[in-house]
Amino acid sequence: MNKRRLSKAIGRLLNLPKGKYLFLYFKNKGTHYYHKLRKSKEVAYPSNVMLELTNHCNLACTTCPREYEYGKDMDKGNMLVERAKIIIDDIWPYLDSIGLTGMGETFLYQNIEEIVDYIKKKNKGIIISVSTNAVIPNFIQKVSKVINKIDTIQISIDGLGETYESIRLKSNFEILDENIRQLVALCAKSSTTTMLNMVVTKENYFQMSDLVKYANEVGIKYLDFSQLNLAAVTNIDVSYYKFYQSNEFLDAIEKLEVAIKEYDKVTITYNFKTETGFQKCPFPWSHFYICWDGYIAPCCAKPFPKLLNFGNVSDDKLINLLNNEEYRGFRTLWFNNKTPEFCNKCHFTVSAK
C-alpha cells in the first residue's frame, strides 16, 4: 500500500458511518468474510463501486475501448441525477470508496458537484475518485468546484508532446500541460490528491522514464503505469501482449527503475508480469460497474451492456442484481478458472507466452 492509499484508508477509518449505520457497515463486512470463507458465489453489499456518470467524451484515444467495434455500438448518455441519488441512497452505508468515471470524460457531466456533495453529505469518509483527460474547455473552472471534496483526481496522460497527441487524438499537449500545472497548484493545500496514469503501448513505452521526470517537475507525487487491455480492442491480436516481455520493453523498464530512484519524491506503481487466468480477475467480486443507464456491466475494461449485463438498477436493488442467477453463474466460471467468452483477450486471462 503506497502513501496515497494509506492516507486515504486512515481518513476512511476516522470517518466511518455513525449510529445504526456503523452497525450495518460492520455487519456487511462480516457478511463479506462469511461468504469468502464459505467460497460462496454470493457477495455482500459492495464496499467499492464504479458509477459511470457519463460515457460522452471529447477525445478519441487509440487506447480507449469506446473507439473500437463494441464501443461504437454502445448507447451514449448521462446518468440521471435522481438515478444516481437512488443508487447512493441504497449503498452508501457500506461504501468505502466510489469512482465516478466510466467510458466518458467525468467533467463533461454537468451535475458532478451535486453528486459529489450528495455522497459527502451521506458520509464524508467515503473516498471519491475520478479520472479525467483534463483538456475539456474550462477544465480548471469546472474542477475547482470539487477540490477538497473529491479525494483523488487521476489524469490520463499516455505520453508527452507529439507522442501524447498521436494516442490521445483531438487533444493538445500544451493545453494538458497548462491545466496540470494549474490543477496541482489548486490542490497543493487541499485534501485532493492528483496523480497521473499512462496506458503503456508500443507507441509510448520509451517515455516511461521521461514521464517520471515530468511528474516530479510539475509536482505530482503519484504515477501509475498500466498495461493496454485488449478485451474490447477488436483489431489487435493477443500476440500484442508478448511485447511486454520483449528486450526493448525490458530495457525501458530498466530506465524506468533508474528514474524512480532519481526522482524518489514520485511514488510509482506498475505491474507488467501478472499471472493470467480468470481467477486473477477481481471484478466478479469488487469494483462493480454501474453504467450511465443503470445496467450492471461485468467490468470497466468492457462496460458494454448490449454484450453482457446482469440487470438494471431501475428494476431491482443493486444487491439483488449482484447475487442473481446470471451473476452467480459468472462467478461459478471464476471458481472453475474457466474464462467466459466475454473476457477473451483481457490481460487478466491471456498469457503472453
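The rules behind the values
- Residues numbered from 1 in each chain as written.
- Predicted model: local features only at pLDDT ≥ 70, side-chain atom pairs only at ≥ 80, totals over all residues.
- Heavy atoms only, no water.
- Core = buried A, V, L, I, M, F, W, Y, C linked by side-chain atoms within 4.5 Å.
- Buried < 20%, exposed > 50% of the residue type's maximum accessible area, 1.4 Å probe, protein only.
- Contact = heavy atoms within 4.5 Å.
- Helix = DSSP H or I, 4+ residues; strand = E, 2+ residues; numbered from the N terminus.
- Pairing = 2+ DSSP bridges.
- Axes fitted to C-alpha atoms, helices over the stretch in contact; angles between N-to-C directions.
- Parallel < 35°, antiparallel > 145°, perpendicular 65-115°, else oblique.
- Nonpolar A, V, L, I, M, F, W, Y, C, P; charged D, E, K, R; others polar.
- Phe/Tyr/Trp six-rings, centres within 6.5 Å; stacked < 30°, edge-to-face > 60°.
- Lys NZ or Arg CZ within 6 Å of the ring centre and 35° of its normal.
- 1 Å grid on protein atoms, 1.4 Å probe; cavity = no way out; pocket = protein on both sides within 12 Å on 5 of 7 lines; lining within 4 Å.
- Points joined across faces, edges and corners; volume = space filled by probe spheres on them.
- Expected span 1.5 Å × (residues − 1).
- Polar contact = N/O pair within 3.5 Å; in protein donor to acceptor, adjacent residues only side chain to side chain.
- Arc of directions from axis to C-beta.
- Salt bridge = Lys/Arg side-chain N within 4 Å of Asp/Glu carboxyl O.

Within the largest apolar cluster, 111 residues are counted, with the highest numbers of intra-cluster contacts made by L100, I157, I180, L196, M208 and F225. Aside from chain neighbours lying at most four places away, what touches M208 is M198, V200, F225, F249, A252, I253, L256 and F272.

Here strand 1 (residues 48-51) shows no split at all, with N48 and M50 on one side and V49 and L51 on the other all buried. Here strand 1 runs beside strand 3 (residues 97-99); their pairing, made up of three bridges, is parallel. By the bridge assignment, V49 is partnered in strand 3 with I98.

Packing of helix 8 (residues 173-187) against helix 9 (residues 208-218) brings their axes to within 10 Å, and their N-to-C directions diverge by 45°. By the criterion of interaxial angle, the relationship of helix 8 to helix 9 is oblique. When helix 8 is examined against helix 9, the residues F173, D177, I180, R181 and V184 are found in contact with a partner set consisting of Y214, E217 and V218. For the contact of helix 8 with helix 9, the per-class residue count stands at five nonpolar, no polar and three charged.

A separate point is unusual backbone geometry. The backbone of A134 sits at a positive phi, close to 60°, despite the residue not being glycine. With respect to the helices, strands and loops of the structure, A134 is situated in the loop between strand 4 (127-132) and helix 6 (139-143). One non-glycine residue, N148, adopts positive backbone phi at about 80°. Position of N148 among the secondary structure elements: in the loop between helix 6 and strand 5 (152-156).

This part takes up the packing of aromatic side chains. Enumeration over the complete set of coordinates arrives at 26 aromatic pairs. Ring geometry for Y205 and F243: centres 5.0 Å apart, planes at 75°, overall edge-to-face. Placement of Y205 in the loop between strand 7 (193-200) and helix 9 and of F243 in the loop between strand 8 (222-227) and helix 10 (247-262) is noted, with a sequence separation of 38 residues between them. F243 matches Y205 in its accessibility class, with the two residues each being buried. Here the aromatic cluster, defined as three or more aromatic residues joined through ring pairs, consists of Y205, F206, Y240, F243, Y244, F249, Y270 and F272. It is R331 that lies over the ring of W285; its NZ or CZ is 5.4 Å from the centre. Over the ring of Y327 we find R331, and its NZ or CZ is 4.2 Å from the ring centre.

Counted under the stated rule, the structure contains one cavity of 30 Å³ or more. A volume near 120 Å³ is recorded for the largest cavity. The wall of the largest cavity is formed by 16 residues, among which C281, C299, F342, C343 and C346 lie closest to the centre. A class-by-class count of the residues in the lining of the largest cavity yields 13 nonpolar, two polar and one charged.

Moving on, we come to helix 8. With 15 residues, helix 8 extends 21 Å from end C-alpha to end C-alpha; this agrees with the ideal 21 Å at 1.5 Å per step. The set of residues buried in helix 8 consists of F173, L176, D177, N179, I180, L183, V184 and C187. Where the residues of helix 8 are buried, they touch helix 6, strand 5, helix 7 (161-167), strand 7 and helix 9. One side-chain oxygen at the N-terminal end of helix 8 lies 2.9 Å from the backbone nitrogen of E174; it belongs to N172.

With that settled, the discussion passes to the layout of surface pockets. Taken as a whole, the second largest pocket encloses approximately 500 Å³ of empty space. Taken together, 22 residues make up the lining of the second largest pocket; nearest its centre are H32, K36, V43, W285 and S286. Mapped onto the lining of the second largest pocket, the elements with two or more residues apiece are helix 2 (20-38) and helix 12 (325-335). Counting residues per element, the lining of the second largest pocket draws most heavily on helix 2, at six residues.

Looking now at the side chain of Q227. Of note, Q227 is situated in strand 8. The contact partners of Q227, leaving out residues within four places of it in the chain, are V199, V200, Y241, Y244, N271, F272 and H347.

Summarising the element assignment, R328 is placed in helix 12. Along the chain, R328 and D117 lie 211 residues apart, while their C-alpha atoms are 34 Å from each other. Here R328 is in contact with K41, E42 and N323, once residues within four sequence places are set aside.

Glancing now at helix 1 (residues 3-13). Three or more residues of helix 1 are buried, namely R4, K8 and R12. End-on, the buried residues of helix 1 take up no more than an arc of 70°, which puts them together on one face. Exposed side of helix 1, more than 90 degrees from the buried face: K3 and L13 are the residues found there.

The next subject is the pattern of salt bridges. Tallied over the entire structure, the rule returns 14 salt bridges. Across the pair D96 and R12 runs a salt bridge whose closest N-O atoms are separated by 3.0 Å. A residue pair is termed long-range when its members are at least 10 positions apart, and D96 in the loop between helix 4 (81-91) and strand 3 and R12 in helix 1 qualify at 84 residues. Overall, the relative accessible area of 15% leaves D96 in the buried class. Notably, a salt bridge pairs D96 with K29, separated by 2.7 Å at the nearest N-O pair. With D96 in the loop between helix 4 and strand 3 and K29 in helix 2, this pair connects stretches of sequence that are 67 residues apart. Given a relative accessible area of 22%, K29 falls into the partly exposed group. Residues participating in the shared-partner salt-bridge network are R12, K29 and D96.

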